[in-house]
Amino acid sequence: MLGNLGVQICRTTTSQLPAQDLNQTYIIQKHVGQGKYGQVFKAQNKLNKQIVALKKIKQEKEANGFPRTAMREIHLLSSIKHENIVSFQEVVVQSKNTYLVLEYMDTDLHNLLQRRIVFNLDQVRCLMYQILDALSYLHSRNVYHRDLKPNNILYNDKGQVKICDFGMANEYSKKRPQTKRILVPQYRAPEIYLGGQYDCSVDVWSAGILFLELIVKQSPFMLAKSESQCFSKIIDLCGTPMEDVNSLPHYHDYINGPKERTLRKYLHANSNAMPQLIDLIDRMLTLNPAKRITAKEALKHQYFQTRIFVMMPRIEQDGQPPKDPPIQKKVKQEQKPLLQGIKINKCM
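The name that an unreviewed UniProt entry assigns to the chain is Cyclin-dependent kinase 2 homolog, with the source organism given as Paramecium pentaurelia. According to UniProt, the comment filed for the chain under the heading Subunit (unreviewed entry) is "May form a complex composed of at least the catalytic subunit CRK2 and a cyclin." Per UniProt, the chain carries the Sequence similarities (unreviewed entry) text "Belongs to the protein kinase superfamily. CMGC Ser/Thr protein kinase family. CDC2/CDKX subfamily."

Laid out in structure tokens, this is it:
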């Protein structure tokens, strides 16, 4: 449990953080991304020439102290170590700006999907095993990520993925008040929509949606333009939640009547997925969080028992998605064996 590790989530100021001067240690090479909580730059360590990612922390709304989300991210990343979670190195400052020094990865899954990179079923299995392995590790330490989406799943040229951006992550506690405005609507679990209490199973739901997208090659939420439309699509695929949810605050805002669950039919019609894969996605997208498969259980599912050698797509270094990629254009995939960065027995 995280609380036993001496990690205390608290408000602090930048002067209380042990930080080095950025200009003395790093050379910023270029801007590579921007998220809700700050910009990300590619940089090089002047001493050992290591390439790192610098995450610039937004501070304009926290005039009296360091942002709580950034402080939480520092404490969490400092206390966890897993091959599929981005590693934290240190904090550096430049003038009034504060940066987190993180492990550098070539790109993220959102970038790859925008570039029309297509993963075959064996490659998807390898990717999802890594993601679920990281979630199982986090959940075993009572931590939920709460912002799992393709943008926050980094990918490198070895075919390895790492979960990043822990600004919304926290230690789960039934006694701690929970924010209900988490996750983009497409990856938000139904219990959050309905205003109920939630736990680590919300990460499994998000991973299940990603799983589904990788299998059917496009998001079933592609045309949804609002939260209500996203929830309607959940109902279309997963049916109407009927168990102990009609008393939740937003039940009548989203649910008008019963609908049949059609998820398995949808997967059969839109993919060549094997029955074991369809069963696992079905369990990950179970409406009742108490009955939803856990990340640890998912790793032991029959779907992951078949192990073959996997050739993962090789990406161009620092490749960026085109501003408006044409639908008909296919990105050529160069294949490279998955040899390092992942335990071979996971994908063989």
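**Q** Describe the overall build of the chain, naming the residues involved and giving the relevant values.
**A** Summing up its helical and strand segments, the chain has twelve helices and 13 strands in all. With 348 residues in all, the chain has 53% of them scored as buried. Taking all contacts inside the chain whose residues are at least 6 apart in sequence as the whole, residues at least 24 apart take part in 68%. Within the structure as shown, the chain displays about 17,300 Å² of accessible surface, and the carbon and sulfur contribution to it stands at 49%.

**Q** Describe helix α7 (residues 227–238), listing the residues and the values that go with them.
**A** Working note: α-helix, 3.6 residues per turn, so residues spaced by three or four point in the same direction. Its twelve residues give α7 an end-to-end C-alpha distance of 16 Å, which sits within 8% of 16 Å, the value for a rise of 1.5 Å per residue. Taken residue by residue, α7 has C230, F231, I234, I235, L237 and C238 as its buried positions. Tucked into the core, α7 has its buried residues touching α5 (190–193), α6 (201–216), α8 (251–254) and α9 (263–270). Of the residues trailing α7, G239 is marked for its positive phi of about 85°.

**Q** Which residues make up the sheet that holds strand β10 (residues 161–163), and what values go with them?
**A** Spatially, the three strands line up as an open sheet ordered β7-β9-β10, and their pairing is antiparallel. The open sheet terminates on both sides in strands that have one partner only, identified here as β7 (107–108) and β10. The sheet contact formed by strand β9 (residues 153–155) and β10 spans three bridges and is antiparallel. Residue pairing across strands places Y155 opposite V161, the latter belonging to β10.

**Q** I'd like a rundown of the packing of α9 against helix α10 (residues 275–284), residues and numbers included.
**A** As a packed pair, α9 and α10 sit with axes 10 Å apart at the nearest point and diverge in direction by 140°. With respect to α10, the element α9 is oriented oblique. Crossing angle aside, the handedness with which α9 passes α10 is right-handed. Of the residues in α10, those touching α9 at L263, R264, L267 and H268 are I278, D279, I281 and D282.

**Q** Can you tell me about the pattern of salt bridges, naming the residues and giving the values?
**A** All chains considered together, the criterion is met by 13 salt bridges. The salt bridge partner of K259 is D236, with a shortest N-O separation of 2.7 Å. With K259 in the loop between α8 and α9 and D236 in helix α7, this residue pair connects regions lying 23 residues apart in the sequence. As a salt-bridge pair, R283 and D279 come within 3.0 Å of each other at their nearest N and O atoms. Of this pair, R283 and D279 both sit in helix α10, four residues apart, which is roughly one turn of that helix. A relative accessible area of 17% places D279 in the buried class. What you see here is one network of salt bridges that share partners, running through R261, R264, D279, D282 and R283.

**Q** Account for the pairing of strand β5 (residues 88–94), naming residues and giving values.
**A** For a regular strand, side-chain orientation follows a simple rule: the groups alternate between the two sheet faces. Inspection of the sheet shows strand β1 (residues 19–21) paired to β5 by three bridges, in the parallel sense. Counted as the bridge partner of Q20 is V92 from β5.

**Q** Please provide a residue-by-residue account of the UniProt feature "binding site: ATP" (unreviewed entry) in the chain, values included.
**A** According to UniProt, the positions carrying the feature "binding site: ATP" (unreviewed entry) are K55. One can find K55 in strand β4 (residues 51–56). Other than its neighbours up to four places away in sequence, K55 contacts Q39, V40, E73, T98, Y99, L100, L102 and D165. Side-chain polar atoms of K55 contact the side chain of E73, separated by 2.9 Å.

**Q** Break down unusual backbone geometry for me, with residues and values.
**A** It is generally the case that most residues other than glycine have a negative phi and that most peptide bonds are trans. Of note, the phi angle at N142 is positive, near 65°, even though the residue is not glycine. Mapped onto the secondary structure, N142 falls in the loop between α4 (121–140) and β8 (143–144). For N142, a relative accessible area of 14% gives the class buried.

**Q** Give me the lowdown on the packing of aromatic side chains, citing residues and values where you can.
**A** A complete count under the given rule lists ten aromatic pairs for this structure. An angle of 40° between the planes, with centres 5.8 Å apart, marks the rings of Y144 and Y198 as tilted. Here Y144 is found in strand β8, whereas its partner Y198 is found in the loop between α5 and α6, with 54 residues between them in sequence. With respect to class, Y144 is no different from Y198; both count as buried. Among the aromatic residues, those joined into a ring-pair cluster are Y129, F211, Y303 and F304. Taking the ring centre of Y303 as reference, the NZ or CZ of R125 above it sits at 5.4 Å. The ring of Y193 carries the charged tip of R188 above its face, separated from the ring centre by 5.1 Å.

About the criteria used
Residues numbered from 1 in each chain as written. Predicted model: local features only at pLDDT ≥ 70, side-chain atom pairs only at ≥ 80, totals over all residues. Heavy atoms only, no water. UniProt positions renumbered as here; feature names shortened; annotations may be inferred. Helix = DSSP H or I, 4+ residues; strand = E, 2+ residues; numbered from the N terminus. Buried < 20%, exposed > 50% of the residue type's maximum accessible area, 1.4 Å probe, protein only. Contact = heavy atoms within 4.5 Å. Areas by Shrake-Rupley, 256 points an atom, 1.4 Å probe, with all protein chains shown as cover. Expected span 1.5 Å × (residues − 1). Pairing = 2+ DSSP bridges. Axes fitted to C-alpha atoms, helices over the stretch in contact; angles between N-to-C directions. Parallel < 35°, antiparallel > 145°, perpendicular 65-115°, else oblique. Left-handed = near helix turned anticlockwise from the far one by under 90°. Salt bridge = Lys/Arg side-chain N within 4 Å of Asp/Glu carboxyl O. Polar contact = N/O pair within 3.5 Å; in protein donor to acceptor, adjacent residues only side chain to side chain. Phe/Tyr/Trp six-rings, centres within 6.5 Å; stacked < 30°, edge-to-face > 60°. Lys NZ or Arg CZ within 6 Å of the ring centre and 35° of its normal.

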